[in-house]
Each structure stands twice: as structure tokens, then as C-alpha cells.
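Here's the letter readout for the chains.
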Amino acid sequence: MSNSTGPLRPSPISATVDFEAGGVQHGFLKLPVSNDESAWGAVMIPVTVVKNGEGPTALLTGGNHGDEYEGITALHKLSSRLRAEDVQGRVIIVPMMNTPACMAGRRTSPMDAGNAGNLNRSFPGDPDGNVTEKIADYFTRVMVPMSDVVLDLHSGGRTLDIIPFAASHVLDDAEQQRSALEGAKAFGAPYAIMMFELDAAALFDTAVERQGKIFVATELGGGGTSTPQSLAITERGIDNFLIHYGLVEGEVEMPAEPQAYLDMPDASCYVQSEHTGLLELTLALGDTVTQGDVIARVYDMTRSGVAPIEYRAQRDGVLAARRFPSSVNMGDTIAVIAEVVESLG
Ligand SMILES: [Zn+2]
């Protein structure tokens, strides 16, 4: 965050595309950097703008975290497929918001050490901050104000695997909350969730919602890869999102099975490890769990013949997310249990 008390200076990022021009443009958001590899260099964030006539603006973002490939891949594909005549309004596609992280195949940017490189903990950002904060600031002050609806595509990345869902949040503005919830349902993933965030203050979500814009987030798999199944859900969901908010003509295509609604009302949904060792999960994603059930065991890897530590569900629900690697450290989230509900909101 900026320490200055005056107005923020303009973003150092410049776009090589004209956001007001009709047609299809492919270009970059250019962020000047000066380092050992490039004295007068730039971080080049790919962006595609597709504009046709009057209508709303949809901002589609992937790669907020650099190892979440479902959104990154689906948006790269969309950027070469979407034609101006398909669109009424404007669709802005940024497949890799945190491009340095994506290029490194990492959750966070290698240009900013540690958690400072986590874009989704850097909002609203700072034009005088590090590389990651400058990217966050540009989205907060330039991209979001020109948008009406925002779809931010996340998944579990290398360390988590997550059931496919679109999510919205509980908001003070009832109409804003309703519209985002309808968008999350219309995404057409197998699950829709009213999401409780562990730490919402510095999220992109919050930066968008504070501007009164409609925000839908997703989690769509994980493990640091995509599968044919997860990519199909992601691509159908993006199409559904654009159809639902009137940017593209067509019918929203829902999954064959009825959509399940989940709620994550508080922090007891998150099961975190208090031990370091070898993780055995006793449930698969989507399995039903009852409070008190053993959901995981953690084994001491330094010796044999030791009984594992058992982790039990603190609530009824379904396994919505799990740690992906089998090695676990203290503090890692092992599992997330979401509550099954009849309706959302
Ligand atoms: Zn993410």
C-alpha cells in the first residue's frame, strides 16, 4: 500500500490495445521493469479485446495464480476463437493476470519474494509498489472501472484439488449479491457456492465488489494441470457466463445432473494440519461426510510403527477441496468441507 497521503499517481502500466475500438485486438498490458536481465524491459501481460456495438463489458481473467491451468488454458483458447460478430458489447480477456507467475508455473510471482508475489493478496494494489502490486493497482483502477461483470477463473493449483464450482459472496447490496449469485449458477458447473473467504481484504473479489460490479469466481479442479473434464466445464462455463449477461447470443447449457448448492458459512469448513508428515485422505472429492468422521490420517515419516494422527470432520457436508500432494506440513489446509443446502441466498 502507498504511504503517501495524496492522490495515487497514474499506473505505470500502458495498454497496446485501444479498449474503445471495435473488432478484435490482441496486445499487451506493458509494465516497465529494470533488472539484471533487462535494463529497460517490460512485463508483457497478454490481453485480447473483442468489441462490437453497444453493450456491457465483461472482464474474463485467468492466471491470477500462475499454476491454475483450467482458466489460463480456456481463456487462451477463447482469445483465438471469439469473433467480433459473436459479441454484443465488449469482452476483455486476460488469460494470465500474473504473467510472471504463469511463466514460472508458480502460484506467486518470482519477481516479488514470498507472499509479496501473490497477486490475489495484493489488492487494491499500489502504483508505486512492487511488480505484483502494480498489476493489482492497474486492474483496480483501470480494468475494473471499465467493466460491468468480472469472471475470475481459479482452481486449486499445484497444492489443492477442488470440486468444480462457481462462487459468489454475501454482499451488503442485495441486488449486487443476487446478480452475482445468478451468474455463479448460470456458469453451469456441477456445484455453485456461497463462499466464505479466509482472508478477503486483499482479494481481487473485494476490489471488484467494492466498485459495485458483478463478480463471479470459480474453482475448477487443480493439481497443477487441467483434464479434459475440467477444461470442458471451464469452457462451457465461460460461454454460459457471456450468454447469461447478454454479451453472446445463445442458451445457457447446464450440466446433465442437477446443480448442487453448497455453503461455506465459516472457518470450521477448513481443516488444517497441525502435524508434518505423510497425508492419507479417506475421502474423494464430492464424497459425503458426517461430523466426527475420520477424513484424513497423517503419518510420522521419520519412523515406522507409529499410529497416525487422525483428523475428523468438524461438520456435516461434502469434501469440496483437498490437499493435492501427499506430503503435508503444519498449517496446510488438508480438506475443506462444504455444507449442502437446498438453495443459496
Ligand atoms: Zn487461485
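Structure: above.
What comes next concerns the included structure. These figures come from a predicted structure and were not determined experimentally.

Right, let's talk about the overall build of the chain for a bit. Secondary structure summary: the chain contains six helices and 19 strands in total. Computed over its C-alpha atoms, the radius of gyration of the chain comes to 20 Å, within 12% of the 20 Å expected for a compact globule of 345 residues. Taken along its principal axes, the extent of the C-alpha atoms in the chain is 65 × 50 × 40 Å. When burial is assessed residue by residue, the chain has 53% of its 345 residues classed as buried. Taken as a whole, the chain presents about 15000 Å² of accessible surface, with 50% of it coming from carbon and sulfur. Computed over 24 positive and 45 negative side-chain charges, the inter-centroid distance for the chain is 4 Å.

This next bit is on the pattern of salt bridges. Tallying each qualifying case throughout the model produces 17 salt bridges. In this structure, Glu 20 and Arg 90 form a salt bridge, with 3.4 Å as the shortest nitrogen-oxygen distance. Residue Glu 20 is located in the loop between strand E1 (14–15) and strand E2 (23–33), and its partner Arg 90 is located in strand E5 (residues 89–94); the two are separated by 70 residues in the primary sequence. Between Glu 175 and Arg 178 there is a salt bridge, with the nearest N and O atoms lying 2.8 Å from each other. With Glu 175 and Arg 178 both in helix H4 (residues 174–186), this residue pair falls three residues apart, about one helical turn. On the basis of relative accessibility, which here comes to 47%, the residue Glu 175 falls in the partly exposed class.

Further remarks concern the coordination of the zinc ion. Protein-derived coordination of the zinc ion comes from His 65 (ND1), Glu 68 (OE), Glu 68 (OE) and His 154 (ND1), at a distance range of 2.0 to 2.3 Å. Going along the chain, you hit the donors of the zinc ion in the pattern H-x2-E-x85-H. Glu 68 matches His 65 in its accessibility class, with the two residues each being buried.

Remark: helix H1 (residues 69–81) packs on helix H6 (residues 228–244), axes separated minimally by 9 Å, with the N-to-C direction vectors making an angle of 50°. The orientation of H1 with respect to H6, classified from their angle, is oblique. For the pair H1 and H6, the sense of crossing is right-handed. Every residue of H6 that contacts H1 at Glu 70, Gly 71, Thr 73, Ala 74, Leu 75, Lys 77, Leu 78 and Arg 81 is listed here: Ser 230, Leu 231, Thr 234, Glu 235, Ile 238 and Asp 239.

Calculation notes
Residues numbered from 1 in each chain as written. Predicted model: local features only at pLDDT ≥ 70, side-chain atom pairs only at ≥ 80, totals over all residues. Heavy atoms only, no water. Helix = DSSP H or I, 4+ residues; strand = E, 2+ residues; numbered from the N terminus. Rg over C-alpha atoms; globule rule 2.2 N^0.38 Å. Buried < 20%, exposed > 50% of the residue type's maximum accessible area, 1.4 Å probe, protein only. Areas by Shrake-Rupley, 256 points an atom, 1.4 Å probe, with all protein chains shown as cover. Lys, Arg positive; Asp, Glu negative; His and termini not counted. Charge placed at Lys NZ, Arg CZ, Asp CG, Glu CD. Salt bridge = Lys/Arg side-chain N within 4 Å of Asp/Glu carboxyl O. Donors = N, O, S within 2.8 Å, 3.2 Å for Na, K, Ca; no water. Axes fitted to C-alpha atoms, helices over the stretch in contact; angles between N-to-C directions. Parallel < 35°, antiparallel > 145°, perpendicular 65-115°, else oblique. Left-handed = near helix turned anticlockwise from the far one by under 90°. Contact = heavy atoms within 4.5 Å.

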